[in-house]
Amino acid sequence: MSNIQPLKDSITARDHGNDWLWASVEGRVATLSDEEAIFHRYDNGEAHVMTLDVLRAMGQCKQFDTRASHIQRILRELPDLADNSDAVSRMFDVLIQRGLIESADSVISAASTLTIETDMDAICEVFLLSYGDSDRLKRIVEHWVADPDVQGTRLTLLPMDGHLISDSDRAGLEQTLDSANIQLMCLSADWLTRIESECDRMLHEAGIESQSSDEEPNPALMTARWMNAVLLLTAGLRCLILDSRFDVTPKLLPHSRMDQVQLRNPPLYPAEFIPDDSLLDDALSNASEGLISLCNRCLGQSVSSLLTESVNTDLISLKGMTWLALNEAVIDQQVVSLQLGSVGDSRLDSTLAYYTMPWQMSAALRIDEKHYRSLLNRPRLVEAYPLMQLSDRGKYMPMAIDNRQMVPPFSGGDEDLSRLWHSWLTLVRSDSRVLNLPAMLQWHRPRTGESPYAEEYVPSFNRFLAELADQARDQIRAELPEQRLESLAAVYRDLQSASDQTLIRLVREYHGYLRSGILRQLQQQLTSAAEVPQFWYDDVTEWITVHGSALRESSCPMFLGWPQTSDQQLADRIRDELDSVITCLEGWSNLWHGSHGRMDSLLSL
């Protein structure tokens, strides 16, 4: 399908013959003389005495590459060895024998022997978050129960195997289930009453207040509360968390590979606009393996085991990665959360994203002006990796979480729930990796009435908190998640104690940093191709004007959904928001451990 070809082109060829990828191990060096040095391996301190020529040759092999490429590089970069290719070839083989140059395969295999495997038979609990559309909920639950293919291979939902959390009233839920002729014990009114009451109590203890009935509905806060309820109920278990805005049958693009894993952290989530739904429908196929099966097979798996057990680990994708980076990526790393791609309505949170994504990804927008205006009013996207893709963090809300070790809570109130949670997860669980599956779910987004016209980007407070967590990550060295959570809370408490002047300066610098980056991305849109359609040029220019003006303004900065206020009021609001975040973080560990293994008793209260 030509309209999504760029996704296919990003697949790396698997067939690399017998010429494996090699890289030199890393360590520290102490000079012994003008001709010799002692090299201490980074991982075990093992000492090796070698000539400086050999040490320099090792320095040319730091990134994984083929044997032939390494030898050519040594001959090219080290003039003293340029006329002695046979000696360089022998030296390379000796370094392999001494364990100073290792193959990517051997690093991954060695890591798998060091990994302490966890119980992959632990229950994977299923939760459905329903956002008030009773007709859609009815169709989804009917599909679970009635479709034999779903029952057989994709998603089996039997009594007590699934749990519904909804913002609908209980009478409406009962009516929906009755009309669908569905008998699920876990969805009874009594169960809903118990779980709502218990979750309210637990979340209150965690410092996350319930939204009062007279407040304007806040979907972000509601989602955060539901997700925290799930994390408390499943403490010590794995969980699959479905959203009623998704269809339940996984779809695949023709070039998707469920048997191949890419390890390197991806730069972008592949996305492309769909110019014609019918073309896409013809190309999609149903996945042969369903959500429950995928969760049971992948969620909680060590990265090294996932790679060694994969039918086709994409080792060529490791080319250019260092030995140390590969070791850190596979040793003691776990698949803590799963994500799937999406097809259909856009999950992007701002119209601005359409103009800042890479040129090729937005190609369908520029077919003609009529088509462009139509897509702006209702953007349709394919977002999916072509292979199973491991990454440091996810872009969207997790679909499945390995909650057998403590993971951080969600912090609600505004947008970017996922951005903040993944930053916290990366910090609190230093062993965590996200597995992005190449399968997609159909996404149905309620119409928001957003204007497609240029407006100043205003970051959310959650995104600001996420940036602070990212900056602090490398400074926190504690081992246990509980200790790392305390350190994270201390980061925010330190910020809360700053002067008004320091707080405002930090926020101004953050806004300036974001807007400068946006301006660069927008300007690149006008230089990415020889010819830029006039309608595209005009709209991108408008976005540039808006953000250039915002960057020059000296007015008090603000966050998404916050009113424009004075510097003093902004500083006070930041401290108030930090209070609830810190309370949540500091109370979460005791609450999570107090809920560990008590799902049945909590549900029976």
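Residues numbered from 1 in each chain as written. Predicted model: local features only at pLDDT ≥ 70, side-chain atom pairs only at ≥ 80, totals over all residues. Heavy atoms only, no water.

J.: Is there a simple way to think about the sheet that holds strand E1 (residues 21-24) in this case?
T.: Two pairing modes exist for strands in a sheet, parallel and antiparallel, and in both the strands are linked by backbone hydrogen bonds. The three strands are arranged E5-E1-E6 in an open sheet whose pairing can be described as antiparallel. The outermost strands of the open sheet, each flanked by one partner alone, are strand E5 (65-66) and strand E6 (101-103). As paired strands, E1 and E5 are joined by two bridges and run antiparallel to one another. Counterpart to Trp22 in the pairing with E5 is Asp65. (Pairing = 2+ DSSP bridges. Helix = DSSP H or I, 4+ residues; strand = E, 2+ residues; numbered from the N terminus.)

J.: Looking at this model, I keep getting lost on the sheet that holds strand E4 (residues 47-51). Mind explaining?
T.: Pairing within the open sheet is antiparallel, and its three strands lie in the order E2-E3-E4. The open sheet has two edge strands with one neighbour each: strand E2 (27-31) and E4. Neighbouring strand axes in the sheet, compared pairwise and without regard to direction, differ in orientation by 30° on average. As paired elements, strand E3 (residues 36-41) and E4 share five bridges and run antiparallel to each other. Directly across from Ile38, in E4, lies its bridge partner Val49. Helix-sheet contacts for helix H2 (residues 52-59) involve E2, E3 and E4, and the interaxial angle to E4 is about 105°. (Axes fitted to C-alpha atoms, helices over the stretch in contact; angles between N-to-C directions. Contact = heavy atoms within 4.5 Å.)

J.: So what exactly am I meant to see when it comes to the confidence of the model for the protein chain here?
T.: Close reading of the predicted structure is inappropriate where its pLDDT is low. Across the protein chain, the average pLDDT comes to 79, with 77% of residues at or above 70. Taken element by element, the predicted model of the protein chain shows its lowest mean pLDDT in helix H1 (residues 5-9) (30) and its highest in helix H19 (residues 481-496) (96). When the criterion is pLDDT under 50, residues 1-18 qualifies, and its contacts beyond four places in sequence or with other chains add up to 40 contacts. Low pLDDT, under 50, characterises residues 147-160; the stretch is placed with 33 contacts to residues that sit more than four places away or in other chains. (pLDDT = per-residue confidence, 0-100.)

J.: What's the story with the layout of surface pockets in this structure? I'm lost.
T.: The gaps of empty space that remain are located by a probe, the size of a water molecule, rolled over the atoms. Considering only enclosed or pocket space, the second largest pocket measures out at about 1,000 Å³ in volume. Of all the elements in the fold, those that place two or more residues in the lining of the second largest pocket are helix H14 (323-330), helix H17 (417-428), strand E19 (432-443) and H19. Element by element, the count of residues in the lining of the second largest pocket is highest for H14, at five residues. Partitioned by chemical class, the residues of the lining of the second largest pocket number nine nonpolar, nine polar and 12 charged. (1 Å grid on protein atoms, 1.4 Å probe; cavity = no way out; pocket = protein on both sides within 12 Å on 5 of 7 lines; lining within 4 Å. Points joined across faces, edges and corners; volume = space filled by probe spheres on them. Nonpolar A, V, L, I, M, F, W, Y, C, P; charged D, E, K, R; others polar.)

J.: I'm lost on the packing of aromatic side chains in this one. Help?
T.: Overall, the coordinates contain 16 aromatic pairs when judged by the stated rule. Aromatic pair Tyr372 and Trp536: ring centres 6.0 Å apart, planes at 70°, arrangement edge-to-face. Here Trp536 lies in helix H21 (residues 534-552) and Tyr372 lies in helix H16 (residues 369-377), a separation of 164 residues in the sequence. Relative accessible area serves as the criterion here: at 0%, Tyr372 is assigned to the buried category. One aromatic cluster in this structure is built from Tyr355, Trp359, Tyr372, Phe535, Trp536 and Trp543. Sitting above the plane of the Trp359 ring, Arg366 keeps its charged end 3.5 Å from the centroid. The aromatic ring of Trp536 is capped on one face by Arg366, whose charged end is 4.9 Å from the ring centroid. (Phe/Tyr/Trp six-rings, centres within 6.5 Å; stacked < 30°, edge-to-face > 60°. Buried < 20%, exposed > 50% of the residue type's maximum accessible area, 1.4 Å probe, protein only. Lys NZ or Arg CZ within 6 Å of the ring centre and 35° of its normal.)

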